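Listed below are the residues making up each chain.
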Amino acid sequence: MKIYKIKKRKRKVLLEFLKKNFKSKHILYKSKKLFDWQYLHKNYYNFFVLETEKIIKAAQGYIPTSRYDKNLENDTIFMSIWSSSEISKGSKLFFYLLKNLKVKLLVGLGGTNESFLFQKLLKFNCGYMKHYFLAAKKKSKKLISPKNFTNEKLFKITNNFTKMTNIKQINEIDKNVFTHQYPRKTDKYLINRYLKHPFYNYILYKITNKKKTVGIFVFRVCKFDNRFAIRIIDFLGEENNFSYGKSLFLFLLKKYDSEYIDIYSYGIREDILKKSGLENVEKYKKLKLIIPNYFEPFVKKNIKLGYAFKCSSDIKRKVRFFKGDSDLDRPNIL
């Protein structure tokens, strides 16, 4: 038995294994550009494989935050695609990585029910990300259900936000904004993860209070059948400052003529999410409210996104996850 990180030249061998044991059809098989952007690091892919008699039996992909800023080395790793032709071999590979990946935070997001149960047994911190939203006052909606539902409340918009469109603006951000959370993120991280994304157009805004930058929001506009939704993909800053996004959320709803704005998150307190004008989808369970997550292809259904993580005790209270983390927000259709 041999465990090793797979070389770039063995990409086809890895993909053939994944096609047989993970999913027969996947966007990563169709787009080398996307696969390389997500996993290629120099002459290796961020995939460990377990091999017996020169045949791959298990594979585990991962995405380190250092992919977007090398100064984040050994900080956080997001476990990604896991696949095995034999359960025992897949378990051995996972245990190997658990023992040998020396990072402050090890995370799995949006995994299968099987992986979720496995991680619970291994004493990971497990649960589901909170799904909060704000539905606009539009007469008839196509994306959500019921079609005439709204929870938008009128209030005076405060001009406390500025759009950031270039590297210079991001480099000028007060570095204190990046000190409040794990996984750690930096100005370089924002540039390489969002501003330079090869497929998606991310929208970045900074929030100010008393002329000081107190938060950074990252958004993406999703479209189906000529209808739009705003997704909050990431937030950086002190937790309490999330509520300063209230005016920005309403502004973006109107700017992009969107049906709703939403966020999946772990680590932001519910009272702060409520202060921002957002509400929990679960609050309207009896109404059978649907706030869709999937747009590629579009699925009119509520989706739960699980999280599982292990970390050192000194950072646990700072841990936060959003849709921009791991591979939760990546293309499924190109």
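Calculation rules
- Residues numbered from 1 in each chain as written.
- Predicted model: local features only at pLDDT ≥ 70, side-chain atom pairs only at ≥ 80, totals over all residues.
- Heavy atoms only, no water.
- Disulfide = S-S within 2.5 Å.
- Helix = DSSP H or I, 4+ residues; strand = E, 2+ residues; numbered from the N terminus.
- Contact = heavy atoms within 4.5 Å.
- Phe/Tyr/Trp six-rings, centres within 6.5 Å; stacked < 30°, edge-to-face > 60°.
- Lys NZ or Arg CZ within 6 Å of the ring centre and 35° of its normal.
- Polar contact = N/O pair within 3.5 Å; in protein donor to acceptor, adjacent residues only side chain to side chain.
- Core = buried A, V, L, I, M, F, W, Y, C linked by side-chain atoms within 4.5 Å.
- Buried < 20%, exposed > 50% of the residue type's maximum accessible area, 1.4 Å probe, protein only.
- Pairing = 2+ DSSP bridges.
- Right-handed = clockwise from strand over helix to strand, strands pointing away.
- Axes fitted to C-alpha atoms, helices over the stretch in contact; angles between N-to-C directions.
- Parallel < 35°, antiparallel > 145°, perpendicular 65-115°, else oblique.
- Nonpolar A, V, L, I, M, F, W, Y, C, P; charged D, E, K, R; others polar.
- Salt bridge = Lys/Arg side-chain N within 4 Å of Asp/Glu carboxyl O.

1. Examining the state of the cysteines
For the structure on display, the rule yields zero disulfides. Free cysteine: cysteine 311, not disulfide-bonded; nearest cysteine sulfur from cysteine 126 at 12 Å.

2. Some details on unusual backbone geometry
Cis geometry is found at the peptide bond from serine 145 to proline 146, where omega equals 0 degrees. Of note, aspartate 257 is a non-glycine position whose phi angle comes to about 50 degrees, a positive value. With respect to the helices, strands and loops of the structure, aspartate 257 is situated in the loop between α8 (246-255) and β13 (260-266).

3. What to know about the side chain of glutamine 119
Locating glutamine 119 in the fold gives a position in helix α5 (residues 113-121). When residues no more than four places from it in sequence are discounted, the contact partners of glutamine 119 are Phe94, Gly108, Phe124, Cys126 and Ala308.

4. With respect to the packing of aromatic side chains
On inspection of all chains with the given rule, the structure shows 36 aromatic pairs. Pairing tyrosine 205 with phenylalanine 219 gives two aromatic rings, centres 6.3 Å apart and planes at 80 degrees, and the pair type is edge-to-face. Separated by 14 residues along the polypeptide, tyrosine 205 in strand β10 (residues 203-209) and phenylalanine 219 in strand β11 (residues 212-224) bring together distant segments of the chain. Cluster of aromatic residues (ring-pair linked, three or more members): Phe161, Tyr205, Phe217, Phe219, Phe235, Phe242, Phe249 and Phe251. One cation-aromatic arrangement involves lysine 304 over tyrosine 128; the distance from NZ or CZ to the ring centre is 5.2 Å.

5. Here we look at the environment of lysine 168
With respect to the helices and strands, the residue lysine 168 is situated in helix α6 (residues 167-171). Counting along the chain gives 23 residues from lysine 168 to isoleucine 191, while the straight-line C-alpha distance between them is 10.0 Å. A polar side-chain atom of lysine 168 sits 2.7 Å from a polar atom in the side chain of glutamate 172.

6. Here's the deal with the nonpolar core
Counting 55 residues, the largest nonpolar core has Leu18, Phe47, Leu190 and Phe321 as its most contacted members. In contact with phenylalanine 47, other than residues within four places in its own chain, are Tyr4, Lys5, Ile6, Leu14, Leu18, Phe35, Tyr39, Ala59, Gln60, Gly61, Tyr62 and Ile81. Residues Ile232, Phe235, Leu250 and Leu253 belong to the second largest nonpolar core, which totals 26 residues.

7. Quick word on the pairing of strand β5 (residues 76-84)
Among the nine residues in β5, eight count as buried, and that is most of the element. As judged from the six bridges shared by strand β4 (residues 55-64) and β5, these two strands associate in the antiparallel manner. Directly across from proline 64, in β5, lies its bridge partner isoleucine 77. As judged from the four bridges shared by β5 and strand β6 (residues 105-109), these two strands associate in the parallel manner. Considered in β6, the bridge of phenylalanine 78 is made with valine 107. What joins β5 to β6 is helix α4 (residues 87-100), and the crossover it makes is right-handed.

8. Section: helix α7 (residues 187-195)
Turning to α7, its buried residues number three or more, namely Asp187, Tyr189, Leu190, Ile191, Arg193 and Tyr194. Of the surrounding secondary structure, the elements contacted by the buried residues of α7 are α3 (32-39), α6, β10, β11 and β12 (227-237). With a side-chain oxygen lying 3.4 Å from the backbone nitrogen of lysine 188, the N-terminal cap of α7 falls on threonine 186.

9. Some words on the packing of helix α1 (residues 11-21) against α3
Helix packing for two helices is described by the angle between their axes and how far apart those axes are. Look at α1 against α3: their axes get within 13 Å of each other, and the N-to-C directions meet at 100 degrees. Between α1 and α3, the crossing angle belongs to the class labelled roughly perpendicular. Of the residues in α3, those in contact with Arg11, Leu14 and Leu15 of α1 are Lys32, Phe35 and Asp36. Partitioned by chemical class, the residues of the contact of α1 with α3 number three nonpolar, no polar and three charged.

10. Let's talk about the pattern of salt bridges
Counted by the stated rule, this structure contains 21 salt bridges. Close ionic contact of aspartate 314 with lysine 104 constitutes a salt bridge, the shortest N to O distance being 3.3 Å. With aspartate 314 in the loop between β15 (306-311) and β16 (321-322) and lysine 104 in the loop between α4 and β6, the pair connects residues that are 210 residues apart, well separated along the chain. According to the relative accessible area criterion, aspartate 314 is exposed, its value standing at 56%. Take lysine 104: its relative accessible area is 30%, and that puts it in the partly exposed class. Lysine 283 is paired through a salt bridge with glutamate 279; the nearest N and O atoms lie 2.5 Å apart. Classification of glutamate 279 as buried rests on a relative accessible area of 11%. One salt-bridge network, held together by shared partners, links Lys57, Glu86 and Lys89.

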